[in-house]
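Here are the chains, one letter per residue:
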There are 2 protein chains.
Amino acid sequence: MRNTKANIGRVFHALGDPTRRAIVEKLSQGPVSVSRLAGPLAITLTAVAQHLQLLEESGLVHTEKVGRVRTCRLETAGLSLAEQWIGERRSLWECRLDRLGHLLAEEEE
Amino acid sequence: MRNTKANIGRVFHALGDPTRRAIVEKLSQGPVSVSRLAGPLAITLTAVAQHLQLLEESGLVHTEKVGRVRTCRLETAGLSLAEQWIGERRSLWECRLDRLGHLLAEEEE
DNA sequence: TTAATAGTCAAGTAAATACTTCAGTAATTC
DNA sequence: GAATTACTGAAGTATTTACTTGACTATTAA
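Residues numbered from 1 in each chain as written. Chains lettered and ligands numbered in written order. Predicted model: local features only at pLDDT ≥ 70, side-chain atom pairs only at ≥ 80, totals over all residues. Heavy atoms only, no water.

**Q** I tried to follow the interface of chain A and chain B on my own but got confused; where do I start?
**A** Quoted interface sizes are often the accessible area lost when the parts come together. Contacts between chain A and chain B engage 30 residues on the former and 30 residues on the latter. When the two sides are added together, the surface that chain A and chain B hide from each other amounts to roughly 2700 Å², 68% of it contributed by carbon and sulfur. Our count for the chain A to chain B interface comes out at 4 salt bridges. Note that Glu 83 of chain A is salt-bridged to Arg 90 of chain B, the shortest N-O span being 2.8 Å. Our enumeration of links across chain A and chain B arrives at 8 residue pairs in polar contact (both at pLDDT 80 or more). The set of elements that each furnish at least two residues to the side of chain A that touches chain B consists of α1 (8–15), α2 (18–27), β3 (69–74) and α5 (76–108) of chain A. Here the side of chain A that touches chain B gets 14 residues from one element, more than from any other, and that element is α5 of chain A. For the side of chain A that touches chain B, a count of residues per class yields 13 nonpolar, 9 polar and 8 charged. (Contact = heavy atoms within 4.5 Å. Buried area = accessible area lost by both parts, 1.4 Å probe. Salt bridge = Lys/Arg side-chain N within 4 Å of Asp/Glu carboxyl O. Polar contact = N/O pair within 3.5 Å; in protein donor to acceptor, adjacent residues only side chain to side chain. Helix = DSSP H or I, 4+ residues; strand = E, 2+ residues; numbered from the N terminus. Nonpolar A, V, L, I, M, F, W, Y, C, P; charged D, E, K, R; others polar.)

Given below as structure tokens:
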């Protein structure tokens with residue numbers, strides 16, 4: 001059973017941490033194992049694993065263990081959700097500005 | 001002097017909190033004063049003002065005080081930055097999947 | 001079979017965060 | 001000019017968070 005309830009809160013919270021963003025950035029270039037992921041980051045493997053759990057729960061990353069190595073790869077679900085939320089707010093706002101512009105233009109006549 | 005260094009870390013961190021997201025959602029429908037913003041939220045005015053400061057610093061919201069009332073409105077800078085970051089990671093990842101697909105197709109020949 | 005590698009689990013800690021209260025100040029309204 | 005409204009600032013608190021250490025398990029390599 002996958003615990004991937006990709007709600008918008010989890011996604012933004014996950015992306016709010018610099019270490020987790022670094023992980024996502026790395027994974028956008030291709031799949032990597034946990035220890036290779038931990039290498040350049042100045043924290044313990046345990047800490048990386050904890051971040052990965054959060055990233056997985058938020059639908060930003062998918063991991064799979066084969067033998068003793070767990071391979072991590074980017075999952076688009078999380079990013080899509082965030083993109084969608086942002087797009088919605090933005091279009092609401094821009095639509096409002098448009099209406100305002102029309103009203104002002106009408107008044108000028 | 002405006003303290004609007006809209007870096008990606010601040011933006012995602014700001015959007016990670018449910019109260020701040022509620023504020024952004026409300027403001028996407030149009031400008032609102034601080035006290036009207038605090039109304040439906042079950043927290044004090046002070047707390048709302050603290051969230052607003054963070055939102056302003058992250059480039060998601062712009063506020064302006066006229067008389068005794070501070071009016072808040074959505075600012076696109078923050079949202080744009082987040083949208084851009086997400087788009088970049090996503091396109092890197094999708095481009096990689098494309099190349100992988102091509103390689104596999106070539107091998108089939 | 002032994003040693004090394006890759007990761008997991010549980011428990012603890014220090015710092016960050018989201019609040020609160022209380023005491024202001026300045027702008028309106030009565 | 002007195003009361004009300006709309007915030008602002010400082011200081012404190014409880015919870016969450018990012019991290020650590022140390023002991024453990026499984027897989028692979030020598």
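After presenting the structure, the write-up continues.
**Q** What is the right way to look at the protein's contact with DNA strand C in this model?
**A** In the region of DNA strand C, 22 residues are neighbours, and Ser 35, Arg 68 and Arg 70 of chain A together with Thr 44 and His 51 of chain B sit closest. Within 4 Å of the protein, the atoms of DNA strand C are drawn from sugar and phosphate moieties in a proportion of 66%. In the environment of DNA strand C, a sugar or linking oxygen lies 3.5 Å from a nitrogen or oxygen atom belonging to the side chain of Lys 65 of chain A. One of the side-chain N or O atoms of Arg 70 of chain A is found 2.6 Å from a phosphate oxygen in DNA strand C. Broken down by secondary-structure element, the contributors of at least two residues to the surface near DNA strand C are α3 (34–38), α4 (45–57) and β3 of chain A together with α2 (18–27) and α4 (45–57) of chain B. At 4 residues, α4 of chain B tops the list of elements feeding residues into the surface near DNA strand C. Here the residues of the surface near DNA strand C are counted per class, giving 5 nonpolar, 11 polar and 6 charged. (Near = heavy atom within 4 Å.)

**Q** What's the story with the environment of Ile 23 of chain B in this structure? I'm lost.
**A** Residue and element names in this part refer to chain B. Mapped onto the secondary structure, Ile 23 falls in helix α2. Ile 23 gets classed as buried once you look at its relative accessible area, which sits at 1%. Taking the C-alpha atoms as reference points, Ile 23 and His 51, 28 residues apart in sequence, are found 8.7 Å from one another. Those residues in contact with Ile 23, other than ones at most four positions away along the chain, are Leu 37, Leu 41, Val 48, His 51, Leu 52 and Leu 55. (Buried < 20%, exposed > 50% of the residue type's maximum accessible area, 1.4 Å probe, protein only.)

**Q** Can you walk me through the protein's contact with DNA strand D in this structure?
**A** DNA strand D sits among 22 residues. The nearest are Thr 44 and His 51 of chain A together with Ser 35, Arg 68 and Arg 70 of chain B. Counting only the atoms of DNA strand D within 4 Å of the protein, the fraction contributed by sugar and phosphate is 64%. Here a sugar or linking oxygen of DNA strand D and a side-chain polar atom of Lys 65 of chain B are 3.4 Å apart. Residue assignment for the surface near DNA strand D shows that the elements contributing at least two residues are α2 and α4 of chain A together with α3 (34–38), α4 and β3 (69–74) of chain B. Residue contributions to the surface near DNA strand D peak at 4 residues, all from α4 of chain A. Considering only residue class, the surface near DNA strand D consists of 5 nonpolar, 11 polar and 6 charged.

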